[in-house]
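Examination of the molecular architecture
One-letter residues, chain by chain:
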Amino acid sequence: MGMFSQSRLTYHRKLFLGLVIYSWLLVGCFALFQYHREKQFKAEEVNSRLQVLNEFIIAHLDSTGKVELPPCDIVGLRISVIDGNGKVIFDNSSDSLPKASHIDREEVIKAMQTGEGYTLRRHSESTGGTYFYSAKRGKGYLVRTAVPYSMTLDRLLTTDYAFLWFIALVTAGMCVIGFFVTRRVGKHIERLSAFAEKAERGERIVDIEPFPRDELGNISNHIVRLYAKLQQAIAERDREHRQAIREQQEKMRIKRQLTNNINHELKTPVASMQLCLETLIDHKELPVEKREDFINRCYAANKRLQSLLIDVSTLTRIEDGGESFAREALSVSDIVAEICDEYEELARNKGFEIRNKVTPVTINGNMSLLFSIFRNLIDNALAYSEGSLIEIRVLEETDHHVTLALADNGKGVAKEHLPRIFERFYRVDKGRSRLLGGTGLGLSIVKNAVHWHGGTIRAINREQGGLLFVFTLNKQP
């Protein structure tokens with residue numbers, strides 16, 4: 001099979017071989033036609049000369065009744081007179097007349113039918129020579145002249161081969177030109193075939209040399225471009241598939257981590273409630289003050305547990321795609337104003353002032369998520385900043401998004417903690433955070449809620465002290 005595939009002709013050779021065969025067949029047919037046409041022309045020219053002699057003999061025979069040789073320079077001219085039955089009644093080449101009937105001779109048949117005829121070459125039984133015969137019909141008889149088929153006549157009737165040689169040379173030249181033309185097309189086909197084999201194997205094809213600018217080249221270039229687009233689409237599909245797998249794996253990892261963190265965070269309030277309840281059950285004689293203290297501890301632990309479950313539920317809903325959150329046209333300035341009124345008394349009791357400098361801005365978003373963003377940022381500042389001022393303002397507004405900032409004048413966050421403050425359950429001061437009732441999910445909810453609104457958020461330590469949160473919200477979904 002391998003030897004057979006190696007011995008196969010290339011497309012170029014097949015094309016060139018077909019061109020050569022076609023060219024020479026065409027030339028051969030033309031040469032054959034030209035040969036017979038020229039030979040017939042020369043034979044008719046000899047016949048015309050003999051017919052002139054036949055007419056002279058017939059005219060003299062009709063007028064005198066005798067056969068007279070006309071004046072001519074033809075050596076060995078043979079003259080015969082044949083009656084209507086094909087019998088030779090006169091022949092100048094022999095003393096004895098041929099006895100055989102000549103009615104079946106080709107030139108005689110033609111002369112009987114059309115008035116004249118000739119035979120190019122025939123052997124004479126009576127003389128033993130070869131002649132060119134020309135016959136003409138008279139009144140009840142035929143006159144036939146014949147010329148011996150000598151070297152002179154043979155050369156006269158021979159076709160002129162100069163023209164045929166010229167045609168052969170032109171054809172050979174065309175074959176040479178055709179070789180280079182077919183080689184160019186053949187290389188083109190071979191390149192396209194190699195490309196098709198690589199495409200069939202699914203190989204990536206880049207930086208391929210463009211095909212020539214002709215019809216076949218344009219088709220080839222289109223095929224290459226289509227295959228390149230297909231490769232790109234497949235690569236993009238594979239990339240998106242890998243990305244989806246990575247995202248799915250990351251989601252699973254985050255969920256496992258979140259589950260572990262939740263279990264860990266639930267242990268503290270649950271254990272606290274368990275201890276308080278066991279103490280109350282086992283020591284019913286406890287004073288009223290102690291009993292109220294344990295009940296308050298249970299209540300605080302339960303409240304922290306409730307906050308934790310609410311935050312986990314919110315975070316899970318956002319990370320699962322947020323389809324359960326509806327969008328509507330909302331005034332950010334009205335939401336911020338409402339939250340500032342809500343936190344006014346709490347902030348005053350903690351020695352804080354909240355300054356609302358948000359100008360009227362409308363976005364297409366979700367109210368509960370926007371409340372979560374501002375509430376968690378304010379809660380974070382009130383609980384951990386140790387400052388006295390919280391300020392909210394609009395930094396930039398365009399047709400597509402709005403950039404807001406919430407800053408405090410507290411102590412800020414150490415540099416090593418700053419990149420991680422948006423992680424779930426990450427606490428800068430774990431003991432203090434739990435003591436204040438924080439769940440460790442507030443800033444993570446803020447980050448995911450901002451992302452749900454098509455924006456980003458970052459935290460920066462201010463030079464004059466305090467922490468600055470800068471975040472964007474898209475106006476349209």
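See the structure printed just above.
This write-up is about the structure you can find in this document. (Residues numbered from 1 in each chain as written. Predicted model: local features only at pLDDT ≥ 70, side-chain atom pairs only at ≥ 80, totals over all residues. Heavy atoms only, no water.)

With respect to the pattern of salt bridges
- A complete count under the given rule lists 18 salt bridges for this structure.
- A salt bridge links Lys136 to Glu116; the shortest N-O distance between them is 3.5 Å. Placement of Lys136 in strand β4 (residues 130-137) and of Glu116 in strand β3 (residues 116-123) is noted, with a sequence separation of 20 residues between them.
- With relative accessibility at 17%, the residue Lys136 sits in the buried group.
- Taking the relative accessible area as the measure of exposure, Glu116 reaches 34% and is therefore partly exposed.
- Taken together, the salt bridges that share partners define one network made up of Glu353, Arg355, Lys357, Glu391 and Arg393. (Salt bridge = Lys/Arg side-chain N within 4 Å of Asp/Glu carboxyl O. Helix = DSSP H or I, 4+ residues; strand = E, 2+ residues; numbered from the N terminus. Buried < 20%, exposed > 50% of the residue type's maximum accessible area, 1.4 Å probe, protein only.)

Let's talk about the pairing of strand β5 (residues 141-148)
- Burial analysis of β5 places seven of its eight residues in the buried class, the great majority of the element.
- Summarising the sheet, strand β1 (residues 78-83) and β5 pair through six bridges and their orientation is antiparallel. Bridge pairing in β5 places Arg78 opposite Ala146.
- Note that β4 and β5 share seven bridges and pair antiparallel. Bridge pairing links Ser134 to Thr145 in β5.
- Between β4 and β5, which pair antiparallel in sequence order, lie three residues; one of them, Gly140, sits at a positive phi of approximately 85°. (Pairing = 2+ DSSP bridges.)

Overview of the side chain of Asn376
- Structurally, Asn376 can be placed in helix α9 (residues 367-384).
- Beyond its immediate chain neighbours, meaning those up to four positions away, Asn376 contacts Gly442, Ile445 and Val446. (Contact = heavy atoms within 4.5 Å.)

Here's the deal with the sheet that holds strand β9 (residues 389-397)
- If you walk across this open sheet you meet the five strands as β7-β9-β10-β12-β11, and the pairing is mixed. Taken across any chain shown, the strands that pair with only one partner, and hence form the sheet edges, are β7 (353-357) and β11 (457-461). Sheet twist, expressed as the average angle between the axes of neighbouring strands with direction ignored, equals 20°.
- Sheet analysis places β11 next to strand β12 (residues 467-474), joined by five bridges and oriented antiparallel. By the bridge assignment, Ile457 is partnered in β12 with Phe471.
- Of the strands in this sheet, β7, β9 and β10 (401-408) are in contact with helix α8 (residues 332-349), which crosses β7 at around 170°.
- Sheet strands in contact with helix α11 (residues 442-452) are β11 and β12, and its direction is about 30° off that of β12. (Axes fitted to C-alpha atoms, helices over the stretch in contact; angles between N-to-C directions.)

Brief notes about the side chain of Arg78
- Summarising the element assignment, Arg78 is placed in strand β1.
- At a separation of 2.8 Å, a polar atom in the side chain of Arg78 contacts the side chain of Asp91.
- Excluding its chain neighbours within four sequence positions, the residues that come into contact with Arg78 are Asp91, Asn92, Ser93, Ser124, Ser126, Thr127, Tyr131, Tyr133, Arg144, Thr145 and Ala146. (Polar contact = N/O pair within 3.5 Å; in protein donor to acceptor, adjacent residues only side chain to side chain.)

Some words on α8
- Taking 1.5 Å of rise per residue, the 18 residues of α8 would be expected to cover 26 Å, and the 26 Å separating its terminal C-alpha atoms lies within 8% of that figure.
- The largest bend in α8 comes to about 45°, at Tyr343.
- Within α8, burial applies to Val332, Ser333, Ile335, Val336, Ile339, Cys340, Tyr343 and Ala347.
- Taken together, the buried residues of α8 touch β6 (328-331), β7, β8 (362-365), α9, β9 and β10.
- Of the residues one or two after α8, Gly351 is the one with positive phi, at around 80°. (Expected span 1.5 Å × (residues − 1). Bend = angle between axes of the 7 residues up to and from the residue.)

Some remarks on the environment of Lys251
- Among the secondary structure elements, Lys251 is positioned in helix α6 (residues 215-282).
- Once the C-alpha coordinates of Lys251 and Glu319 are considered, the two residues, 68 residues apart in sequence, prove to be 8.4 Å apart.

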